[in-house]
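Listed below, chain by chain, are the residues.
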Amino acid sequence: VAEHADMFQIGTRNMQNFPLLQAVGAAGKPVMLKRGLTATYEEWLMAAEYIAQRGNLDIVLCERGIRGFEPTIRNMLDVSAIPMVHAHSHLPVIVDPSHAAGRRDLVLPLARAGMAAGADGVMVDVHPEPERALCDGAQALSGDLLDELTVAVATIPPLLGRRSAVTAERVHPSR
């Protein structure tokens, strides 16, 4: 896989698969480590240590929601994880509001909340025809919602004194 992939993604179910974490740490590719459904901040950071101990410091942490009690959403996006992990680590933290909510109508508000809490980026599911997607169509963005997300990612960080990776010119070149 390392010959063809630009980055490894370790999903929530494999966050504590320590032989896998060590193997991707030794592979020499960037790694995105998603937080486990019931993992504490310390457990998440310690999982990243398994990758780092093999010499790979190119790690991105992804908050994708933790198990909660509310049945109307898939998981609870823990926005407090973002500043807490930033306070204890140099690693970038992104949010995955698609997998947190499991519902398209909540992806944009959760992405905004994550960015406002200091997330370094956002990862979302995208599909040109979400209703025809083979999986996760209910949470996939397209069209206007994707445009709104791009605007949020470009505009929220500067409001908080942070640099945005997306400029307003790239969002709306004609303006």
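Shown above is the structure to which this text applies.
Residues numbered from 1 in each chain as written. Predicted model: local features only at pLDDT ≥ 70, side-chain atom pairs only at ≥ 80, totals over all residues. Heavy atoms only, no water.

A. Molecular detail of the overall build of the protein. Along its length, the protein carries seven helices and five strands. Beginning at the N terminus, the succession of helices and strands in the protein can be written as β-α-β-α-β-α-β-α-α-β-α-α. Compactness check: the protein gives a C-alpha radius of gyration of 16 Å against a globular reference of 16 Å for 175 residues, within 12% of the reference. Taking the principal axes of its C-alpha atoms as reference, the protein extends roughly 45 × 35 × 35 Å. By the burial criterion, 42% of the 175 residues in the protein qualify as buried. (Helix = DSSP H or I, 4+ residues; strand = E, 2+ residues; numbered from the N terminus. Rg over C-alpha atoms; globule rule 2.2 N^0.38 Å. Buried < 20%, exposed > 50% of the residue type's maximum accessible area, 1.4 Å probe, protein only.)

B. Summary view of the pairing of strand β3 (residues 59–63). Of all five residues in β3, five are buried; the element is thus mostly enclosed. Of the two faces of β3, both are covered, the one formed by Ile59, Leu61 and Glu63 as well as the one formed by Val60 and Cys62. One crossover worth recording links strand β2 (residues 31–34) to the parallel β3 by way of helix α2 (residues 41–52), and it is right-handed. Where β3 and strand β4 (residues 93–95) come together, three bridges link them in parallel fashion. Bridged to Glu63 within β4 is Val95. Each parallel crossover has a hand, and for β3 linked through helix α3 (residues 81–88) to β4 it is right-handed. (Right-handed = clockwise from strand over helix to strand, strands pointing away. Pairing = 2+ DSSP bridges.)

C. Representation of the pairing of β2. Residues Val31 and Leu33 line one face of β2 and the alternating positions Met32 and Lys34 line the opposite face, and both faces are buried. Direction of pairing for strand β1 (residues 8–10) relative to β2: parallel, over a ladder of three bridges. Bridged to Ile10 within β2 is Leu33. After leaving β1, the chain enters helix α1 (residues 18–26) and then returns to the sheet as β2, a path that is right-handed.

D. Geometry of the sheet that holds strand β5 (residues 121–122). A sheet is described by the order of its strands in space; here five strands give the open sequence β1-β2-β3-β4-β5, paired in parallel fashion. Strands with a single pairing partner mark the edges of an open sheet, and in this sheet they are β1 and β5.

E. Highlighting the packing of helix α5 (residues 104–116) against helix α6 (residues 143–159). At a closest axis distance of 9 Å, the pairing of α5 and α6 adopts a crossing angle of 10 degrees. Taken together, α5 and α6 sit at an angle that is classed as roughly parallel. Here Arg104, Leu108, Ala111, Arg112, Met115 and Ala116 of α5 come into contact with α6, specifically with Leu145, Glu148, Leu149, Ala152, Val153, Ile156 and Pro157. (Axes fitted to C-alpha atoms, helices over the stretch in contact; angles between N-to-C directions. Parallel < 35°, antiparallel > 145°, perpendicular 65-115°, else oblique. Contact = heavy atoms within 4.5 Å.)

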